[in-house]
Amino acid sequence: MLEVKNLSAAYGQHPSLNDVSINVGSGEIVVILGANGAGKSTLLRAISGICEGKVSGSVTLSGDSLTGLSSDAIVEKGVALVPEGRGIFGDLTVKENLLLGAYPAGARETERENLERVLMQFPKLRERQGQIARTMSGGEQQMVAIGRAIMSAPEILMLDEPSLGLSPLLCKELFQNLTLVKDLGIGVLLVEQNAKQSLAIADRGYLLENTRVTHEDTAARLANDPAVQRAYLGAGSKTSARPSTRSTPLVEVTKSTKPTGNPTPRRSADPQIG
Ligand code: ATP
């Protein structure tokens, strides 16, 4: 379980995240909804150890502290990020991109096994192994980015607005793919503008408004909450740039950390952190 406690971040004098506490269990999809500038990317960057601002608070994975570790060490520990814009290597093939994801020591030892799992879970990537990544469609490239992140054998996969720029059809495929990631037993922390589709696949969600978590609940209850519908599910399925006007206090959430039958991509038992 990823546990984030009282995480704050500031760029200079400008606070971008205030006292944020969230958690993500294995095999659980958790979505963070929020207007533009609410601090969603800052949250993922702070967890990943790549936030340029001053960060305080604590992050643990299965009780193991990630606070203050380098971004590489955080990947080694089991938290991977698919950044906004995907960050794949366009001139390399799909397979080369996937293999680059297995750079943590713990993942290298089980590289072949993990590659096979990724190719089994995403058969399209098997078909396209030799294709130069930049010649793929946006949705396929997103699948490569997700596959590459899974090659690092994460316990938690974080994605920053993965549906950005995708057609409705490719969006649908992307969200289906995220449920396949969940089926691998990986916890998914998703920042999304597409509230409708992300709530449809998520177990739980948090509203991040003006740097703070203002509400958390099961995805089903959030999707049916009139205030959430007004602010995030209004016109079409896109999150509006308007901040929500909800004032409901935090509520306890039902945890749904249901383990799945499929095995998680494996890491060696004793990864070297460095
Ligand atoms: P969006 O949905 O538009 O991507 P967001 O919720 O992800 O927004 P962040 O990107 O986390 O928001 O930004 C939160 C605040 O922090 C914004 O006011 C932004 O201008 C500021 N900010 C983000 N990165 C930096 C940075 N490197 N330097 C200075 N300010 C930053």
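None of these values were measured; they are calculated from a predicted model.

Asker: Is there a simple way to think about the layout of surface pockets in this case?
Answerer: Estimated volume of the largest pocket: approximately 350 Å³. Lining the largest pocket are 17 residues, and of these V75, A80, L81, P83 and Y103 sit closest to its centre. Within the residue set of the lining of the largest pocket, elements represented by two or more residues are α2 (71–77), β6 (79–82) and α7 (138–150). Partitioned by chemical class, the residues of the lining of the largest pocket number 10 nonpolar, 4 polar and 3 charged. Of the volumes computed, that of the second largest pocket is approximately 180 Å³. Looking at the second largest pocket, it is lined by 16 residues, and the ones nearest its centre are A46, G49, V55, T67 and G68. Counting only elements with at least two residues in the lining of the second largest pocket, the list comes to α1 (40–48) and β4 (54–61). Counting residues per element, the lining of the second largest pocket draws most heavily on β4, which supplies 5 residues.

Asker: So what exactly am I meant to see when it comes to helix α5 (residues 111–121) here?
Answerer: Every buried residue of α5 is listed here: N114, L115, R117, V118, L119 and Q121. At its buried positions, α5 is contacted by α3 (94–100), α4 (105–108), α6 (123–127), α7 and α8 (168–183).

Asker: Please explain the nonpolar core as it appears in this structure.
Answerer: Soluble globular proteins tend to bury their nonpolar side chains together. Ranked by size, the top nonpolar core spans 46 residues in total, and within it L125, I146, I150 and L157 carry the most contacts. At 6 residues, the largest contribution of residues to this core is made by α7. Sequence-distant contacts of L157, defined by excluding residues within four places in its chain, comprise A80, V82, I146, A149, I150, V181, I186, G187, V188 and L189. Counting 28 residues, the second-largest nonpolar core is a separate cluster that includes L17, L43, I47 and V213.

Asker: Is there a simple way to explain the site of the ligand in this structure?
Answerer: Around the ligand, a shell composed of 14 residues is seen, among which S16, G37, K40, S41 and T42 lie nearest. Q193 places a side-chain nitrogen or oxygen 3.4 Å from an oxygen atom of the ligand. Surface burial for the ligand is 63%, taken as the share of its 640 Å² of free accessible area covered by protein chains. Listing elements by their share of the shell around the ligand, those giving two or more residues are β2 (14–24) and α1. Looking at the shell around the ligand element by element, the count peaks at 3 residues for α1. Looking at the shell around the ligand residue by residue, the class counts come to 3 nonpolar, 8 polar and 3 charged.

Asker: How should the sheet that holds strand β5 (residues 64–65) be read in this particular structure?
Answerer: What holds strands together in a sheet is hydrogen bonding between their backbones, with the strands either parallel or antiparallel. Reading across the sheet, the 4 strands line up as β2-β1-β4-β5 and stay open at both edges, with antiparallel pairing between neighbours. Pairing within the sheet leaves two strands with one partner each, and these edge strands are β2 and β5. Sheet topology places β4 next to β5; 2 bridges connect them, and they run antiparallel. Pairing of L61 across the sheet is with D64, part of β5. Across the sheet, α1 touches β1 (2–11), β2 and β4, and the angle it forms with β1 is around 110°.

Definitions and limits used
- Residues numbered from 1 in each chain as written.
- Predicted model: local features only at pLDDT ≥ 70, side-chain atom pairs only at ≥ 80, totals over all residues.
- Heavy atoms only, no water.
- 1 Å grid on protein atoms, 1.4 Å probe; cavity = no way out; pocket = protein on both sides within 12 Å on 5 of 7 lines; lining within 4 Å.
- Points joined across faces, edges and corners; volume = space filled by probe spheres on them.
- Helix = DSSP H or I, 4+ residues; strand = E, 2+ residues; numbered from the N terminus.
- Nonpolar A, V, L, I, M, F, W, Y, C, P; charged D, E, K, R; others polar.
- Buried < 20%, exposed > 50% of the residue type's maximum accessible area, 1.4 Å probe, protein only.
- Contact = heavy atoms within 4.5 Å.
- Core = buried A, V, L, I, M, F, W, Y, C linked by side-chain atoms within 4.5 Å.
- Near = heavy atom within 4 Å.
- Polar contact = N/O pair within 3.5 Å; in protein donor to acceptor, adjacent residues only side chain to side chain.
- Areas by Shrake-Rupley, 256 points an atom, 1.4 Å probe, with all protein chains shown as cover.
- Pairing = 2+ DSSP bridges.
- Axes fitted to C-alpha atoms, helices over the stretch in contact; angles between N-to-C directions.

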